[in-house]
Amino acid sequence: MKMKKVKSDIDIAKSAKLKPIFEIAEGLGISDTEIDPYGRYKAKLTDELMDRVESNPDGKLILVTAINPTPAGEGKTTVTVGLGEAMQVIGKKAIIALREPSLGPCFGLKGGAAGGGYAQVVPMEELNLHFTGDFHAITSANNLLAAMLDNHIQQGNDLRIDPKQIVWKRCLDINDRVLRNITVGQGRKVDGVTREDHFIITVASEIMAILCLCSGMKDLKERLSKVIVAYTYEGKPVTAKDLKAVGAMAALLKDAIRPNLVQTLENTPALVHGGPFANIAHGCNSIRATKTALKLADYAITEAGFGADLGAEKFMDIKCRFAGLHPDAVVLVCTVRALKYNGGVPKDKLKEENLEALKTGIANLEKHIENIAKFDVPCIVALNHILTDTEAEIQFVKEFCESKGAEFALADVWADGGDGGVELANKVVETIEKKPSKYHPLYPDSISLKEKIETIATEIYGAGRVEFSNEALAQLAKLTELGFGHFPVCMAKNQYSLSDDKSVLGRPIDHVIHIREVYVSAGAGFVVALTGTIVTMPGLPKKPAAEHVDVDAQGKIKGLF
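Here is a short report on the structure shown in this document. (Residues numbered from 1 in each chain as written. Predicted model: local features only at pLDDT ≥ 70, side-chain atom pairs only at ≥ 80, totals over all residues. Heavy atoms only, no water.)

Next up on the list: the overall build of the protein chain. Scanning the protein chain from terminus to terminus reveals 19 helices and 25 strands. Compactness check: the protein chain gives a C-alpha radius of gyration of 23 Å against a globular reference of 24 Å for 561 residues, within 12% of the reference. If you line up the protein chain on its principal axes, its C-alpha atoms span 70 × 55 × 50 Å. Burial analysis of the protein chain (561 residues in total) assigns 60% to the buried set. Pairs at least 24 apart in sequence give 75% of the contacts found in the protein chain among residues at least 6 apart. Carbon and sulfur atoms provide 51% of the accessible area of the protein chain, an area that totals close to 22,000 Å². Counting 67 positive and 72 negative side-chain charges, the protein chain places the averaged centre of each group 2 Å from the other. (Helix = DSSP H or I, 4+ residues; strand = E, 2+ residues; numbered from the N terminus. Rg over C-alpha atoms; globule rule 2.2 N^0.38 Å. Buried < 20%, exposed > 50% of the residue type's maximum accessible area, 1.4 Å probe, protein only. Contact = heavy atoms within 4.5 Å. Areas by Shrake-Rupley, 256 points an atom, 1.4 Å probe, with all protein chains shown as cover. Lys, Arg positive; Asp, Glu negative; His and termini not counted. Charge placed at Lys NZ, Arg CZ, Asp CG, Glu CD.)

See below:
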């Protein structure tokens, strides 16, 4: 298969022939009064639209996930976008439902996040930089609550908040490691109570999770009211409701909870909304966007962050559990290069055919296929085609997948857009028709939090056992006593390995997962378990992507890709 030469992603995006957003809406049966435009090419859906389509029958729900990410690249978002475009090519009505990009990776290690090549969501620069302001609203709501918390203590502390038991952290949507652990309130008495404080990245904020899991304004306010910010000297939880912060926070989020409508390079509609990371948060776009996509199209194609051990597990066990969603198929993305990297091939040797390394590294893919099967949802492996792939390598991956009970399709969407995804689109449609999904979550609500953590670690990560710190065990006991034992668990783990050691590639077996800390996101409705050395505020790499971003005299941005 010969790939044509293509321009850079940002050049392709800039040369795209976009349709006015009203035309994209019209193609979905949406009237001009049911969207609020943000310029010519993006808009927010109105609550009236979502209420109107609520009684429509649901389309089919497709989740796109991947193997563990490697420096070689997998192209999960690119395949997601290309599959949506390909559905349109074969005459199917499809909508893509994605997360919004964070400024953290945009200026950090990864760069922009809107797909690639001829499978991109546009307008790309606006999507990556500020978009419709949702992340700023989330950051503001989070930090307003933090400010009201500290002000309450300064103004007499009627709630008897213990400054050493404050659990609410400030947030910022920029990688800034020096803010992980700070001291606030220094200076004069009027400058506040001196205490230790912390920052997390906005995409790890509980407010982000709440926005993505709420069903509307009423549910949003109910969830915000349950957010635990601290504990009293007597050990009782203090909530946002106790601080009388809920109304103001909701006011900041009133537009942010509405999904955003944009389009792909081939004018396929895309709902882009919410953006929790999957390594330190639950990794899925908003329930409102996904459910609206299901009501407006025959096929709703969404993705979950990082590898299937993180994003897909959380999609199945958190998002689908809360929303009553029933996924019809899972597309599992991989590349020959990434599989060879898992087999021990250095990055500068990945272009060379190496079947032995491929046979070793494909164990990572094997584990993810097995994991999807645990949820009883049909799996299609999408091999994201690269120019250097050989026929022998492609055939080996195809035969391996089919031997494991997974369907297989080649995707060439980076170079050919929708046309390059026709094989995958046809395979997805065919699979959904012949293999009905019997989706169920991995574990029931009724087992203990400790058992839920152990189930995910052993069943999904392949661990032999879980080692809990004394602090984590005490926290689990306290959360259970407070009535949160029925919550699902959101595991915070590095994305590069099935283990909690990012250097361990392939398929580690019988390793130990270390749980160092556990806390509750009471408004979101889940308990977070921190594994290994994972941090909730990333740092910039030695050469951050921000060094290459610039804007010319005409206002055109370059360097995002």
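With that settled, the discussion passes to the sheet that holds strand β23 (residues 526-531). Strand order in the open sheet formed by four strands is β20-β22-β23-β21, and the pairing between neighbours is mixed. Sheet topology places β20 (463-468) and β21 (489-492) at the edges, where each strand pairs with a single neighbour. Sheet twist, expressed as the mean angle between neighbouring strand axes with direction ignored, is 35°. Pairing analysis gives four bridges linking β21 to β23, with the strands arranged parallel. If you follow Val489 over to β23, its bridge partner there is Val527. Set on the sheet, helix α18 (residues 449-460) makes contact with β20, β21, β22 (511-521) and β23; between it and β20 the angle comes to about 145°. (Pairing = 2+ DSSP bridges. Axes fitted to C-alpha atoms, helices over the stretch in contact; angles between N-to-C directions.)

Further remarks concern the pattern of salt bridges. Side chains that differ in sign of charge can pair as their charged atoms come close. Here the structure, examined in full by the defined rule, presents 34 salt bridges. With a closest N to O distance of 3.7 Å, Asp317 and Arg321 form a salt bridge. Within this pair, Asp317 and its partner Arg321 are both found in helix α12 (residues 308-323), separated by four residues, close to a single helical turn. For Asp317, a relative accessible area of 0% puts it in the buried group. Where Glu407 meets Lys427, a salt bridge forms, and the shortest distance between an N and an O atom there is 3.5 Å. (Salt bridge = Lys/Arg side-chain N within 4 Å of Asp/Glu carboxyl O.)

Moving on, we come to the nonpolar core. Of all hydrophobic cores here, the largest spans 145 residues; its most connected members are Leu253, Leu365, Val397 and Ile515. In this view, Leu253 contacts Ala137, Ile138, Ala141, Ile207, Leu211, Leu220 and Leu224; residues no more than four positions away in its chain are not counted. Residues Ile10, Val64, Ala270 and Ile557 belong to the second largest nonpolar core, which totals 45 residues. (Core = buried A, V, L, I, M, F, W, Y, C linked by side-chain atoms within 4.5 Å.)

Turning next to the packing of aromatic side chains. Taken as a whole and assessed by the stated rule, the structure comprises two aromatic pairs. Centre to centre, the rings of Phe484 and Phe487 are 5.3 Å apart; their planes meet at 50°, and the pair counts as tilted. The same class applies to Phe484 as to Phe487, namely buried. The ring of Phe322 carries the charged tip of Arg223 above its face, separated from the ring centre by 5.8 Å. Note that Lys493 overlies the ring of Tyr461, its terminal NZ or CZ placed 4.8 Å from the centroid. (Phe/Tyr/Trp six-rings, centres within 6.5 Å; stacked < 30°, edge-to-face > 60°. Lys NZ or Arg CZ within 6 Å of the ring centre and 35° of its normal.)

On to the sheet that holds strand β7 (residues 161-166). With antiparallel pairing, three strands are arranged side by side in an open sheet as β7-β12-β13. Of all strands in the sheet, those with a lone pairing partner are β7 and β13 (237-239), marking the two edges. In this sheet, neighbouring strand axes are inclined to one another by 50° on average, regardless of whether the strands run parallel or antiparallel. The sheet contact formed by strand β12 (residues 228-232) and β13 spans three bridges and is antiparallel. Across the sheet, the residue bridging to Tyr231 is Pro237, located in β13.

It is worth spelling out the state of the cysteines at this point. A full pass over the atoms with the stated rule returns zero disulfides. Not part of a disulfide, Cys106 finds its nearest cysteine sulfur in Cys171, a span of 17 Å. Not engaged in a disulfide, the cysteine Cys214 finds its nearest cysteine sulfur in Cys212; these two sulfurs lie 8.4 Å apart. (Disulfide = S-S within 2.5 Å.)

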